[in-house]
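Architecture at a glance
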Amino acid sequence: MSENTLPANANVLIVEDEFIIAETIAEILANAGCQHIRIVATVAEAVTEIELHKPTIVLTDINLGQAQSGVDLGEVLHTKYHIPFIYITSHSSPDVLNKAKHTRPNAYIVKPFKNQDLLIAIALALFNVSEHTTPILSMHELVIKEGRAIIKLDCATITYLETEGNYTTIYLHNTNRRVVRISLAELQQQLPTATFVRIHKSYLINKNYVTQVNSSSVIVNTIELPIGRTHQQEVQGVLK
């Protein structure tokens, strides 16, 4: 990988309360090949994004203009989530640096910075933690945001998911369901690939609940769902 490129599958969270700066950083990352970039302005928003989307790395300003600073976020990233993070800030005083270093950031970049310096810092941080990353959550849990609440679902209780427009309905084994404003593709990334199979552009199923596979449909418990023409291969062997 070139020093001017980033992994396309890297999920980067930018925590910056100055919109223009945040957009500039996002553009640098996008031009370097990064396809998954999110921007928030506060520590509270950052924690919600971390719970929902499990970023690969976090770039945070120290002075966020809020009650909680980037250093507060850095402490949480280091002690709870074990996610690599980089401070990007205009503050370079010894006092700030001393406080920040105790949160064990992977890098510390002072504004204004060169594009190349930012990309190299991110690439090195990702490389250094690639063999030592601790998962944020169990692979058996799905975290969703419903209204203002964050909810954890046991993946084993999910029978299938159905998407319509910007919303996805998650059907549970006890006949309950959850409706979230998250794409089916995003949810699929958070679910165990050994258990969940995409059978249609609109449906993702838990193969443990499949009772019958037909030529053009799958029965999940008692619900018959169509198989998309482009998903025939994924459905093969779903009952094995």
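Residues numbered from 1 in each chain as written. Predicted model: local features only at pLDDT ≥ 70, side-chain atom pairs only at ≥ 80, totals over all residues. Heavy atoms only, no water.

**Description of helix H2 (residues 43–53)**
Burial of H2 is extensive: eight of the eleven residues sit out of reach of the surface. Buried within H2 are the following residues: Val43, Ala46, Thr48, Glu49, Ile50, Glu51, Leu52 and His53. Elements in contact with the buried residues of H2: strand S1 (11–15), strand S2 (36–40), helix H3 (70–81), strand S6 (141–146), strand S7 (149–154) and helix H6 (184–190). (Buried < 20%, exposed > 50% of the residue type's maximum accessible area, 1.4 Å probe, protein only. Helix = DSSP H or I, 4+ residues; strand = E, 2+ residues; numbered from the N terminus. Contact = heavy atoms within 4.5 Å.)

**Points about the side chain of Ser217**
Its place among the elements puts Ser217 in strand S14 (residues 217–220). A distance of 2.7 Å separates polar atoms of two side chains, one belonging to Ser217 and the other to Glu224. Aside from chain neighbours lying at most four places away, what touches Ser217 is Gln212, Glu224, Leu225, Pro226 and Ile227. (Polar contact = N/O pair within 3.5 Å; in protein donor to acceptor, adjacent residues only side chain to side chain.)

**Observations regarding the confidence of the model for the chain**
Confidence in the prediction for the chain averages 85 pLDDT; 91% of positions are at 70 or higher. The low-confidence segment residues 133–139 (pLDDT under 50) makes twelve contacts with residues lying over four places distant or belonging to another chain. (pLDDT = per-residue confidence, 0-100.)

**With respect to the packing of helix H1 (residues 19–31) against helix H5 (residues 115–129)**
Closest axis-to-axis distance for the H1/H5 pair is 11 Å, and the angle between their directions is 70°. With respect to H5, the element H1 is oriented roughly perpendicular. Handedness of the crossing formed by H1 with H5: right-handed. Counting all contacts with H1, which are made through Ile25, Ile28 and Leu29, the residues of H5 involved are Asn115, Leu118, Leu119 and Ile122. Among the residues making up the contact of H1 with H5, the classes are represented as six nonpolar, one polar and no charged. (Axes fitted to C-alpha atoms, helices over the stretch in contact; angles between N-to-C directions. Parallel < 35°, antiparallel > 145°, perpendicular 65-115°, else oblique. Left-handed = near helix turned anticlockwise from the far one by under 90°. Nonpolar A, V, L, I, M, F, W, Y, C, P; charged D, E, K, R; others polar.)

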